[in-house]
Amino acid sequence: MNYINTTTDSFMESLKNAYGSKKNFEHELIHKAYENGNKGNLYFSMNRYYNFSLKKNINNNDYTLLTCNLDYCDIYNFIEDIDYKKLSIAYHEIKKLIESK
């Protein structure tokens, strides 16, 4: 089996477990952007327990997977530009980092 496909499938399963589906995750991004008044940064991160979060402020105990600067970026364009393959690779690299500590 191809490493990229396995990595992507594993990440998408984790995303599904956290948000129900990729579509729900994208809806949550939009909701958080509006909740923040479409200003500042929006961080999609993961903690050492592999829990995902969407926050306005970065937490030193979290590992950032994605950042959207809402002052310069339209959330809809940001969502369209998400590369889930690259995001899944970042997710697995952070998992390795967490496991090595």
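Just so it is clear, the structure is predicted and the values come from calculations on it, not from any experiment.

Novice: Could you give me a rundown of the nonpolar core, with the residues and numbers involved?
Specialist: Residues Phe25, Phe44, Phe52 and Ile75 are the most contacted members of the largest nonpolar core, which totals 26 residues. Listing elements by their share of this core, those giving two or more residues are helix H1 (3-19), helix H2 (22-35), strand E1 (41-46), strand E2 (52-55), strand E3 (63-69), helix H3 (75-80) and helix H4 (84-100). By residue number, the principal contributor to this core is H4, which donates five residues. Apart from the residues lying within four places of it in its own chain, the contact partners of Phe25 are Leu15, Tyr19, Phe44, Leu54, Ile82 and Tyr84.

Novice: Give me the pattern of salt bridges: which residues, what numbers.
Specialist: Scanning all chains against the criterion turns up three salt bridges. As a salt-bridge pair, Lys32 and Glu35 come within 3.4 Å of each other at their nearest N and O atoms. Taken as a pair, Lys32 and Glu35 lie in helix H2 at a separation of three residues, close to a single helical turn. Across the salt bridge formed by Glu93 and Lys96, the nearest N and O atoms sit 3.6 Å from each other. One end of the pair, Glu93, and the other, Lys96, are both in helix H4, three residues apart, so they sit about a helical turn from each other.

Rules used in this analysis
Residues numbered from 1 in each chain as written. Predicted model: local features only at pLDDT ≥ 70, side-chain atom pairs only at ≥ 80, totals over all residues. Heavy atoms only, no water. Core = buried A, V, L, I, M, F, W, Y, C linked by side-chain atoms within 4.5 Å. Buried < 20%, exposed > 50% of the residue type's maximum accessible area, 1.4 Å probe, protein only. Helix = DSSP H or I, 4+ residues; strand = E, 2+ residues; numbered from the N terminus. Contact = heavy atoms within 4.5 Å. Salt bridge = Lys/Arg side-chain N within 4 Å of Asp/Glu carboxyl O.

Keep in mind these numbers describe shape, not what the thing actually does.
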